[in-house]
Amino acid sequence: MENITLSVKGMSCGHCVNSVEGSVESLEGVEQVKVHLDTGKVDVSFNQEKVTIDKIKETIDDQGYEVE
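Let me sum up the structure you'll find in this document.

### Examining the pattern of salt bridges
For the structure on display, the rule yields two salt bridges. The salt bridge involving Lys9 is made with Glu68; its shortest N-O contact spans 3.3 Å. Taken together, the residues span a long stretch of sequence, with Lys9 in strand E1 (residues 2–9) and Glu68 in the segment after strand E4 (66–67) at a distance of 59 residues. For the salt bridge of Lys55 with Glu58, the shortest nitrogen-to-oxygen distance reads 3.6 Å. Linking Lys55 with Glu58, this pair stays in helix H2 (residues 53–62), spanning three residues, or about one helical turn. In this structure Glu58 comes out as partly exposed when scored by relative accessible area, which is 40%.

### Here's the deal with the packing of helix H1 (residues 14–25) against H2
Where H1 contacts H2, the two axes come as close as 9 Å, and the packing angle between them is 140 degrees. Judged by the inter-axis angle, H1 sits oblique to H2. When the axes of H1 and H2 are compared, the crossing they make is right-handed. On H2, the residues that touch Val20, Ser23 and Val24 of H1 are Ile56, Thr59 and Ile60. For the contact of H1 with H2, a count of residues per class yields four nonpolar, two polar and no charged.

### Here we look at H2
Those residues of H2 that sit buried are Ile56, Thr59 and Ile60. The buried residues of H2 occupy an angular sector of 95 degrees when the element is viewed end-on, so they sit on one face. Along H2, exposed side chains directed more than 90 degrees from the buried face belong to Asp54 and Asp62. Buried residues in H2 make contact with E1, H1, strand E2 (30–36), strand E3 (41–46) and E4. Downstream of H2 by one or two residues, Gly64 has phi in the positive range, about 100 degrees.

The rules behind the values
- Chains are numbered independently. Their residues run from 1 in the order of the written sequence.
- Local features in this predicted model are restricted to residues of pLDDT 70 or higher, and side-chain atom pairs are both shown and tallied only at a pLDDT of 80 or more, whereas totals for entire chains, interfaces and linings draw on every residue.
- Heavy atoms from the whole structure form the basis of all side-chain values; hydrogens and water molecules are not counted.
- When a carboxyl oxygen of Asp or Glu lies within 4 Å of a side-chain nitrogen of Lys or Arg, that pair is called a salt bridge.
- In this text, helices come from DSSP runs of H or I with a minimum length of four residues, and strands from runs of E with a minimum of two, each type numbered from the N-terminal end.
- When accessible area is computed with a 1.4 Å probe and restricted to protein chains, residues below 20% of their type maximum are described as buried, those above 50% as exposed, and intermediate ones as partly exposed.
- Axis definition: a line fit to C-alpha positions, over the contact stretch in the case of helices; interaxial angles, taken between N-to-C directions, run 0 to 180 degrees.
- Oblique is the label for every angle not falling under 35 degrees (roughly parallel), over 145 degrees (roughly antiparallel), or within 65 to 115 degrees (roughly perpendicular).
- Take the far helix as the reference: if the near one is turned anticlockwise from it by less than a right angle, the crossing is left-handed, and if turned clockwise, right-handed.
- The contact definition used throughout considers only heavy atoms, calling two residues in contact when any of these lie within 4.5 Å.
- Here the nonpolar group is Ala, Val, Leu, Ile, Met, Phe, Trp, Tyr, Cys and Pro; Asp, Glu, Lys and Arg are the charged ones; every other residue, Gly included, is treated as polar.
- As used here, the arc is the angular range of directions from the helix axis to the C-beta atoms.

These values are about where atoms sit, not about what they do.
Written out as structure tokens, the structure is:
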């Protein structure tokens, strides 16, 4: 299991949190997602054999947020 913390721009409300957490959690291989709205950080625990960091970033980007 690998853990990463991503910096994400554009998140400002509860809907943003639900959108990011829900979309990333739906990816195969993702175990846990936690959005920290106050700091603009997203913690992700995932199985690197099933999902890539690039796929996680792309999924967040597809929700309308910018991963730094």
